[in-house]
Amino acid sequence: MTEIFRQGFERTLEQIINGAEAGQCIEAWTFDDAPSRRDAERRLTEKGLTARIRSAYKPLLHAFLEDIDLTGVTSIQIGYPVHPAAPENRFRLEAYPLAALVGDAKIAFHPRPDGEFFYDVALTRGEVVERLKVLAPNRVHVDAVGETNVSPTGWMRRGDDDTGARLETDYKRLFESAINAIAAYDWGQNEPYFDELNIRVLLPTRDEPLGFGHEVISLREALHEDLYFSLLEFFQKKSGRPLGDRGLKPGQIVPEIIESEAEISVVIENRPLGTGFLDCADQSLDTAKEPLSAGQIDALLADIGGEAFFAPARSGRQVKARYLKGSDAAVMISGGQHPNETTGIVGALRAARALRETPGAHFTISPLENPDGYSVHQRLRVDNPLHMHHAARYTALGDDLEYRTEENSGKYLNEKEIRFKAQELSDAKLHVNLHGYPSHEWTRPLSGYVPRNFAMWTLPKGFFLVMRHHAGWTEQAETLLDNVTRHLGAIPGLLEYNDSQIALYEIHAGETGFRVINGFPCLSSIDDRHTVPMTLITEYPDETIYGDDFIDGHTAQMETVIASYRAWQDILSAAQIS
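Reference entry: report on the structure contained in this document. Predicted model only: the values in this text are computed from it and were never measured.

With respect to the side chain of T205
On the secondary structure map, T205 appears in the loop between β12 (196–203) and β13 (208–209). Beyond its immediate stretch of four places on either side in the chain, T205 contacts D33, L219, R220 and E259.

A closer look at helix α10 (residues 417–426)
Restricting attention to buried positions, one finds in α10 the residues I418, R419, F420, A422, Q423 and S426. Turning to α10, the residues buried within the fold contact β17 (307–312), β18 (318–324), β19 (331–335), β20 (363–366) and β21 (430–438). At the exit of α10 stands D427, carrying a positive phi of roughly 60°.

Digging into the layout of surface pockets
Space inside the largest pocket adds up to approximately 510 Å³. In terms of lining residues, the largest pocket is bounded by 25 residues, among which W29, K133, V134, L135 and R157 are the most central. Of all the secondary-structure elements, those providing two or more residues to the lining of the largest pocket are β2 (25–30), β3 (50–55), α3 (59–66), β7 (128–135) and β10 (154–158). Class assignment for the residues of the lining of the largest pocket results in 12 nonpolar, four polar and nine charged.

Overview of helix α2 (residues 34–46)
Its 13 residues place the ends of α2 18 Å apart at the C-alpha level, agreeing with the 18 Å of an ideal helix rising 1.5 Å per residue. Restricting attention to buried positions, one finds in α2 the residues A34, S36, R37, A40, E41 and L44. All buried residues of α2 project into a common sector of 165° when viewed along the axis, lining one side. At the C-terminal side of α2, G48 shows a positive phi close to 90°.

Thoughts on the pairing of β19
Here β19 lies mainly inside the structure; five of its five residues are buried. Along β19, one buried face is formed by V331, I333 and G335 and the opposite face, lined by M332 and S334, is buried too. Of the strand pairs in this sheet, β19 and β20 are connected by four bridges, and their pairing is parallel. Across the sheet, residue M332 finds its bridge partner in β20, namely T364. Sheet analysis places β19 next to β21, joined by five bridges and oriented parallel. Note on β21: the bridge partner recorded for G335 is L434.

Focus: empty space enclosed by the protein
Counted under the stated rule, the structure contains nine cavities of 30 Å³ or more. Estimates place the volume of the largest cavity at around 110 Å³. Lining the largest cavity are 17 residues, and of these Y57, V216, E221, H440 and E441 lie nearest its centre. Elements represented by at least two residues in the lining of the largest cavity include exactly β14 (216–217) and α6 (219–239). The class makeup of the residues in the lining of the largest cavity is nine nonpolar, three polar and five charged. Of the voids in this model, the second largest cavity is the one considered here, and its volume is about 60 Å³. Around the second largest cavity sit 13 residues that line it, and T342, H377, E543, T544 and Y546 are the ones nearest its centre. Every element with two or more residues in the lining of the second largest cavity is listed here: α9 (371–383) and β25 (534–543). Tallied by class, the residues present in the lining of the second largest cavity amount to five nonpolar, five polar and three charged.

What counts as what
Residues numbered from 1 in each chain as written. Predicted model: local features only at pLDDT ≥ 70, side-chain atom pairs only at ≥ 80, totals over all residues. Heavy atoms only, no water. Helix = DSSP H or I, 4+ residues; strand = E, 2+ residues; numbered from the N terminus. Contact = heavy atoms within 4.5 Å. Buried < 20%, exposed > 50% of the residue type's maximum accessible area, 1.4 Å probe, protein only. 1 Å grid on protein atoms, 1.4 Å probe; cavity = no way out; pocket = protein on both sides within 12 Å on 5 of 7 lines; lining within 4 Å. Points joined across faces, edges and corners; volume = space filled by probe spheres on them. Nonpolar A, V, L, I, M, F, W, Y, C, P; charged D, E, K, R; others polar. Expected span 1.5 Å × (residues − 1). Arc of directions from axis to C-beta. Pairing = 2+ DSSP bridges.

This is how it looks when you write it as structure tokens:
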């Protein structure tokens, strides 16, 4: 283990309190939770000041949560800023999920293209319209990879100064210090650059549930996401790859953002790879309320029967799979490519267990394609079970295994080998690849707010299906999507679930950019990257869900596999007859 960097930081709230003088009037915006900001206000009042400390993170939402009285309000009009260096809907997204928190009041957003960082708010109560101006402090800056961002920032106004000035916050200093320390370190020239790059942060901020769905204000989760993806981008640039390249193999990047009492600090270490899994109790498969243990996944896979086959992961763990040979047209089933997307793992196992009872059943099943990532997810969930933990998304090589090919993988084919073996064994022409995405908002507040290259997934929008197919397979792809979505539409409550999420998505994001087929958002495109002609990818909003919500998620995944398998038999039978 090698320590690369260590630093503590004075808390911004303490700086404000220590520097304040009696008689002053202070208004500040910081990256702190509400209890910490209220406590700082109390201490400032005791010193003889008038003080209001607001949230620099999602300031409009916090204004409604903490300051704005909605009693009797029937209509809310919000003019949001549009800046040329940010997506048009950037500040509209930042207001999420406000539309779900205003009761029966009708809410509408409209752009205000002057680029000034504030929201115009008009509240209608009967015949009276109240107009408010809500400051949204932001800065335009260039990040470590040379990209221009518009990002939330600290701010301070004193006395009669209506404008104020930017306030350097502990949150921003910690983030930039960590990125700069890693950027300055000598990583050599060869990928992977490290085993596990661990960034351990202590931050005195609590998560604040919003009382709607799975939405939580979490500065710790946001920092995890910003550190993880910013570091991926730094190493993409270092390697000469374009931003967003999923073939980069830097090693395993693991930010651990821990709630502390008061300390703000970061320690960065190059650690050896782990090789085991955490132990946890077995669950009934059909009613599992949280992710399964790795040992139970292995046991359930073995119980399915068929021919076992394997592929190695970087750590020495194995990707395990089974092949059941039958007279039907073969289908490949997989889950756990991104192991923080956990319902697909359970859904794949449930589907395989059901399909093996079908006469002529013919399929491969690899429920956990990325065991190294799954181990990281287990670790991170111990402290923060409700965080997305995208550090567990990629392999211990730091890449997305789907983007490896026999040509570009070099000596690191590893996990991807399981798919090539599955296709070779079965000659399948359809791959059902089970995924998920965040069940609540995903942000990168210090790097432009909207996750770069993942803007489409920043808000939940129901159970989403993605079809990628070779040229010449469009008719089969459309037929499959129609059949599968019709089947899923019969699951009680699922269409209503989709409708509610899509409606809120449209209010806060604007145009969806996707088709809706039988009530399910879908994308379908020609893509020759996959060796299998047809790949159906599920996207269930499952990151951080538990209990009955988790059961609903893996049930939908299971039903998708079963419906796809049956529809595929009909599609190929019809093709043979014609």
